[in-house]
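Observations on chain architecture
What follows is the residue order along each chain.
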Amino acid sequence: MKTVRRFQWYLIAIAVTLAVMYIISLAGFGIPGLIETGLLAMTPLALAAVGECLNEQAGTVNVGMEGIFLITAVLGVYWAEIFGSGLYGLLLGSATGALISLLFGLVCIYGKANQVIAGMGLNILALGLGPYLLMSIWAFPGIHVFQRELMFQPLQFRMGDTYFSISSVTIAAVVIAILAYLLLHRTLLGIRIRGAGENPIAVDVAGVSVGKIRLLMCIVGGALAGLGGAFMPLAWFGGVVKEISAGRGFIALAAVVFAGLDPLLALVAAFIFGFSEGVAFTVVVSPGVKEIVPFYFVQMAPYAVTLLVVVAAIGGKKFPRALGKPYVRE
Amino acid sequence: MALIPPFFLETLSERENKVGFSYLVKEEKASLGSQMSRRLAGTIRPVSESGLAVVIGLVVGAFLMLAFGYDPIRAYFALFTGAFGSPAGILESLAFATPLMATAVTFAVGVRAALFNIGAEGQMYVGAMGATIVGGAILLPAGVHPIAATLFAMCLGGLWALPAAVLKIWRGVHEVVSTIMLNWIAFWFVTYLIRTYFAEPGRAERAMPALPTARYAIIGATLTTMIVVVVVFCIAVTVLLWRTGVGFELRLVGDNPEAAKYAGASSSRAILVSFLVGGLAAGLAGASQILGRPPSYALYATMGNLINLGFDGIGVALIGRNHPVGGVFAAVFYGGLMHGGRFMEYNVGVASELVDAINGIIVIALAVPEIVAIIRRRRES
């Protein structure tokens, strides 16, 4: 019984996914396309959510992931155009995210800032900086479409006479989530990270710097969110608009709340939210359905699903005791 | 100092100028003798903190301009002379400030109850929709029409804030997550309503404008008497927070939940009141853009004339130290930045969105309590 409860969300996610896929296949749509879109939508959410899990385990809340998404999406394209390669765009986008998160960490850890306010500040900053960069770099308001050659190419698998494509970043996201789980629960550093969030005094007494551990996790979280941000234009949309993040940073935050800071559960949540977005995209373009269900309601679906799942799953989650509190040595 | 009304000095005095977060509730050392000078000090410190944060924001903005080869001095000169250099500019800046005063109340009332209500954006969309329905689609006599439309907009805004309040009380869902999701749901829902039912014939990009009977009178430029309504609303919220039992309970729950529990205060009621007042304020902000903003008096389908006003309100509330009346002054400053940003874009070529980035930097700077210490150290040395 205990095992069932431990894996209930994995089981529910799998069951619901299969049920939705069955209904959609009855309506006559290709399942591979649906899964491809779902996995694409999952990737940035999963990366950011796993990063935020590590971040929050160490005791720092970053609600500014939406902002990191937006800035790294624009700058990722910029780096890709400068270096002429999508891979460089992803890597340097990730580095940009790490840099932003490092500055955020410095403000929060050493400036002892209120983390939620500073995070919202980061979001507002990005709201202005995104369009400002678009305008300053490409002198075109609100949108930039880059050359097709700069797209980060997905891996292709042959399935009968069609191809199933999956981005290597998606696979990396799954691997990273597993590694993050192992890091937290099977290593000394993991104990120190969880200690920094749960009982920073004990970590400090043991001679380990709480600030450095938290800062390290900020950098890791920012690098992952930055990779997710650069992934959106460079491996998914093929262009960047000023609303590219569209609340995904907050959906990732919801995934973290849902998961109770467990990276593997966060991956499941990211899959649920990404899959609902994939279903929405599929429904929008399907003849027969799009005439009945208004386009606007389909657009709402990911947000409504996120809200409902969070409402259903919340409760009984334990968050670190020192979460969101700056550590002051007494 | 004569500009600041006496009740502002009074309510900002002593402990009450502190926000509901522990770092701001530090006990002030009573170094000054008389009560009057202590009141003055209670106002000067938050104002100087906000001033420093604004300077930091402008300096970082200048570096962002330098990074792309613009001249920050010319840009800021164009911005401030455009915003405050002429009577028309000042009126226009006030017109920009009007909705921000209201959305700042949304965030400020939330913070007073230790809530991060960032749902002003969605509540404002829904409020604007309400103003469009009553102001644009229903025929009423001239005197009653604007009042009915404004009240309906405020009620819808309050209604849209309710789910977040209920989820917070019932399931403990964090309001940052729930309000953002509600914002996006509101965005698509209102877009759906505009495109499907309330589109202006022949102009599909916007909803039907408010009828002439529903419009507020123009004072000058695009400023209307709506600003009076909004300022009166801000003062009413101040009175609610500092002169009534409900307001006291709300601030107590925000300041010190433990003490509130001992005193028998109901945190559920405080949360509900905070969200409701915030929703009313955001609905008013939405109404102000429809009923009190020439020349269009209409809601655009992509929310072009509303978007980000809710998020800007967060910065305005923080600059105004989470006080509704402080927010009025901060909104005038920020409205000036928004209006002046257009001159900056026209004269120097700097994208006006930079103003939002500056706002973000100001918010981050205001989140750092150490800024206070920096000022104090400088004053002592």
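Above this text you will find the structure in question.
A few points on the structure. (Residues numbered from 1 in each chain as written. Chains lettered and ligands numbered in written order. Predicted model: local features only at pLDDT ≥ 70, side-chain atom pairs only at ≥ 80, totals over all residues.)

1. Some details on the overall build of chain A
Counting its secondary structure elements, chain A contains 13 helices and four strands. Along the longest, intermediate and shortest principal axes, the C-alpha atoms of chain A span 65 × 60 × 35 Å. Looking at chain A as a whole, 54% of its 330 residues qualify as buried. Excluding contacts between residues fewer than 6 apart, the proportion of contacts in chain A whose partners are at least 24 apart in sequence is 79%. (Helix = DSSP H or I, 4+ residues; strand = E, 2+ residues; numbered from the N terminus. Buried ≥ 20, exposed ≤ 12 C-beta atoms within 10 Å, placed from the backbone. Contact = placed C-beta atoms within 7 Å.)

2. Section: the pairing of strand β2 (residues 203-207) of chain B
Residue and element names in this part refer to chain B. One ladder, built from two bridges, connects strand β1 (residues 199-200) with β2; its direction is antiparallel. Residue pairing across strands places E200 opposite R203, the latter belonging to β2. Hairpin connection of β1 to β2: two residues between the antiparallel strands, including G202 at a positive phi of 85 degrees. (Pairing = 2+ DSSP bridges.)

3. Considering the packing of helix α4 (residues 65-83) of chain A against helix α5 (residues 86-110) of chain A
Residue and element names in this part refer to chain A. Contact geometry of α4 with α5 gives a least axis separation of 7 Å together with a crossing angle of 140 degrees. By the angle between their directions, the pair α4 and α5 is classed as oblique. Of the two possible hands of crossing, α4 and α5 adopt the one that is right-handed. Along its contact with α4, which presents I68, I71, T72, L75, G76, V77, W79, A80 and F83, the element α5 presents G86, Y88, G89, L90, L92, G93, T96, G97, I100 and S101. Grouping the constituent residues of the contact of α4 with α5 by class yields eleven nonpolar, eight polar and no charged. (Axes fitted to C-alpha atoms, helices over the stretch in contact; angles between N-to-C directions. Parallel < 35°, antiparallel > 145°, perpendicular 65-115°, else oblique. Left-handed = near helix turned anticlockwise from the far one by under 90°. Nonpolar A, V, L, I, M, F, W, Y, C, P; charged D, E, K, R; others polar.)

4. A word on the environment of V50 of chain A
All names here are of chain A. Mapped onto the elements of the fold, V50 is located in helix α3 (residues 31-57). We classify V50 as buried; it has 33 C-beta atoms within 10 Å. Each C-alpha atom of the pair V50 and G93 lies 17 Å from the other, and the pair is 43 residues apart in sequence. Apart from the residues lying within four places of it in its own chain, the contact partners of V50 are I176, A177, A180, L224, P263, A266 and L267.

5. A closer look at the packing of α5 of chain A against helix α6 (residues 115-138) of chain A
Residue and element names in this part refer to chain A. Close contact between α5 and α6 brings their axes to 10 Å; oriented N to C, the two are set at 155 degrees. In this view, α5 runs roughly antiparallel relative to α6, as classed from their interaxial angle. α6 is crossed by α5, and the crossing has right-handed handedness. From α5, F104, V107 and C108 reach across to α6, where they touch Q115, A118 and L122.

6. Things to note about the interface of chain B and chain A
Contact residues are listed per partner, giving 41 residues for chain B and 39 residues for chain A. It is helix α7 (residues 175-196) of chain B that provides the largest number of residues to the side of chain B that touches chain A, a total of eleven residues. Looking at the side of chain B that touches chain A residue by residue, the classes come out as 29 nonpolar, eight polar and four charged.

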